[in-house]
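Next come the chains, spelled out residue by residue.
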Amino acid sequence: MANVTDLQSKYSKLAQEYSKLRAQNQVLKKAVVDEQTASCSLKDELKQKEQSLRKVEQEMDSLSFRNQQLTKRVELLQEELLLSESKSKKSDSPSQVSLQTQNVFDEDLQKKIQENERLHIQFHEADEQFRRQEAQLRVRLDQLEKESEQHQAVVDALNRKYTDAIEKLQNDKALLEVRDTFTCWKPIVFISRAAQQQLRKYQSEVSSQLKHSSSVIQEKVPFNDTQLSDYNSLNVPLHNRRHQLKARDVAAQALGFVQSLVSALLNLHSYTEQRVHIYPLDSSIEAISPVNLKFSQYLHENASYLRPLEEDLLQLHHSITEDSITALETLVKLQDFSRSFSSYSSFLQKILPYQLQSLEEDCEASLCTAALASKNRQLQKDMKKLTAVFQKLKSYVALLALPSECVTLISANAVFTQMSACLHGLHDAATELSQHYSQKASLEQGLPTVTQKLCTTNECLLSSLASLTNSCGKMATFFSNNLDFLASCPGYGPRGGFLNPQQADSVMENKRRAATYMSTIRKSESVPYREALANRHVLTSSTESREGLMQQVAQSQEKISRLEQEKEHWLLEAQLGQVRLQKEIQRIAQLEAQITTGHPPETHSAADGPDPMCADAPEPLQDTSVIGMLTITPCSESAADQESREHLIKHHYMSRVSEITAQLQMCDSKAVHFHAECRAVAKRLAMAEKSRETLTEELKLAHQNITRLQDELSTTKRSYEDQLSMMSDHLCSMNDTLSKQRDEIDSLKLASKVRPPRKCIISIL
């Protein structure tokens, strides 16, 4: 106990010292940060001073340039002055104009000299001031750097001191924990004994319940349909809609990846065929070798092997619907895909020798270097590896396409696992092939006889290899992510048996029947039988009255349409009558005016006979159209009336056309608006689907993390229990040794008490 108290006191002292050092560390950190900020500010000031120095230097350069110009001008003026003086000396009578110009030049020269002196003085002062400031700032920067180094050294020393103190405290803590565990082992032993007793009790209870349930099953259950496969095949499996949706989603993703893989392989074979015709011999100049010719002919047939892969997988995707059952037993289209994949694998096996021989011919070319030959050999190995991986995939796909009697769940899981590993191997092989071919293309570009056509073909081949690597990597990642779903049991099929297509059809038929039954139950509103009998007469009368009302509504609609036509007709007649009335009013006004002026109107008498224009007037005609019925009398009106009538009819039809166009524009705008809304809703649906997929992925990751943490918790718990058991065993052994030592000490003490002292024996003798 004294040792424990001493350790606790030491631990408390160390904790206090640690807290003090931690506070000092915080203060020092704050000081270091302040000094760093001060140094940053001083650096900024130094940058600003340097900028100002550069500006002053630029001004100095400009002033020096200006000074040079002024000196040149002064020299010119002095030369002119000398010339003028020489001329004045030669001439007896100098003119007053030359003297005035000389005075002006002298004054200008004096001003320029004074300005130059002033600028020199200003520049010298500014230069001295800048140098003083720069020296001060540099001294201050050196001081701050020294202080920061000192602070950093103090911080490092404190960190080392703190780490040593922390390690010491952790060791003391571990020792204290070990001692506490040694002191607390007794209650743990009692708890473990109680737990063992409860475990024995629970085991006895469970064994008795198992015996009772087994006896009840043997006595009460007369028929077990899972023992015989004939009886078990009669059970109808269930339908899992969630599994179907997941299977359709997985098939759609696989279809996209296979389509990208097929396009990459098509490009690879096509560009390889193009390269064979270009290098090492150009087919447009001279004939290529028979091996390359045969190789190009085989490569030309690649589409006939690759297109069926995409088409068969598309048919497989179409066969997986929400209303179907998807399992290995019911995927009949998988056999077609397996046959297409097998044919493509055979195609690769067939062109492999020609490809290897073509690479050998590249090595045998006159301009082929040693590095290029080594790359060709690496490419040969890569092509062999790629073909071998496709052969493995062919065997795995063929195993999955076998009937259900030949493939069990365990073997299917193993096939899917091996297939995932094989897809990763395919990605690795494609990556190596792309890397080696890119190195080969870079070496070929350094050859002196390389053509632009070959460079372009190499770039196309590299892009196709990059797309092949990308598609293989995506496919391998997709297969690894969905391996749990593919290898898991879909939940279909009877217990202990396999599912065949006939059972799948029966399941879908039962599903359709159940759906129709539920829909009829939901649609029909049932009433009690007596109430239905009581309301039978009411229902029959109501149905008869309903039929009569429907007939009346139809007749009313016909009357309304007919009245609308008559309304249109009478509106036209009213407009025509109004026009006639206006014409008659105008004619009467004209007649009154003629009468007032004294000119009698020109009239046709009855004796003259009828009007020749209206003598042969035909009978009136009737025109019936959509807008109504129109009566036409050709010769009963004048030409002006006919023109006004045509104008009115034209105006009426134009107004109707404008109304119809307005309605059409409104409908078009509504349709555009609805189309935009539909597109927005579709985008929102796609975004929601994407968010749902991301959330499902996050949920899956969260479940995986939970399972991982549970496993870690179980392992840590198990390790702690093992440690506790080991410590308890050690304590038991220590107690045994301690008891033995105590017994020995007690026996020695008793022996020493029984034995007489040696001096007494000697005295007696």
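Quick look at the structure, then. (Residues numbered from 1 in each chain as written. Predicted model: local features only at pLDDT ≥ 70, side-chain atom pairs only at ≥ 80, totals over all residues. Heavy atoms only, no water.)

**With respect to the overall build of the protein**
Turning to step 1, where the next piece is worked out: Helix and strand counts for the protein come out as 18 helices and two strands.
Turning to step 2, where the next piece is worked out: Burial analysis of the protein (765 residues in total) assigns 23% to the buried set.
Turning to step 3, where the next piece is worked out: Across the protein, the fraction of contacts at a sequence separation of at least 24, relative to all contacts at a separation of at least 6, is 82%. (Helix = DSSP H or I, 4+ residues; strand = E, 2+ residues; numbered from the N terminus. Buried < 20%, exposed > 50% of the residue type's maximum accessible area, 1.4 Å probe, protein only. Contact = heavy atoms within 4.5 Å.)

**Some thoughts on the nonpolar core**
Turning to step 1, where the next piece is worked out: Core analysis: the biggest nonpolar cluster contains 61 residues, and Tyr344, Phe390, Leu426 and Leu468 have the highest contact counts within it.
Turning to step 2, where the next piece is worked out: Listed by contribution, the elements that provide at least two residues to this core are helix H5 (241-276), helix H6 (290-299), helix H7 (302-319), helix H8 (333-363), helix H9 (370-400), helix H10 (409-445), helix H11 (452-481) and helix H12 (483-487).
Turning to step 3, where the next piece is worked out: Looking at this core, the element that brings in the most residues is H5, giving 12 residues.
Turning to step 4, where the next piece is worked out: Leu426 has contacts with Leu386, Val389, Phe390, Leu393 and Cys472, leaving out every residue within four places of it along the chain.
Turning to step 5, where the next piece is worked out: The next biggest cluster of nonpolar side chains, apart from the first, holds eight residues, and it includes Tyr279, Cys368, Ala373 and Leu454. (Core = buried A, V, L, I, M, F, W, Y, C linked by side-chain atoms within 4.5 Å.)

**Observations concerning H6**
Turning to step 1, where the next piece is worked out: Residues of H6 that are buried include every one of Asn292, Phe295, Ser296, Tyr298 and Leu299, and no others. Buried positions in H6, seen along its axis, are confined to an arc of 160° and lie on one side of it.
Turning to step 2, where the next piece is worked out: Among the structural elements, H5, H7 and H8 are those in contact with the buried residues of H6. (Arc of directions from axis to C-beta.)

**Considering the packing of H5 against H7**
Turning to step 1, where the next piece is worked out: Relative orientation of the contacting elements H5 and H7 amounts to 170°, with a least axis distance of 9 Å. Taken as axis vectors, H5 and H7 run roughly antiparallel relative to one another. Touching Arg248, Ala251, Ala252, Ala254, Leu255, Val258, Gln259, Val262, Leu265, Leu266, His269 and Ser270 of H5 are Asn302, Ala303, Leu306, Arg307, Leu309, Glu310, Leu313, Leu314 and His317, all from H7.
Turning to step 2, where the next piece is worked out: When its residues are assigned to classes, the contact of H5 with H7 shows 13 nonpolar, five polar and three charged. (Axes fitted to C-alpha atoms, helices over the stretch in contact; angles between N-to-C directions. Parallel < 35°, antiparallel > 145°, perpendicular 65-115°, else oblique. Nonpolar A, V, L, I, M, F, W, Y, C, P; charged D, E, K, R; others polar.)

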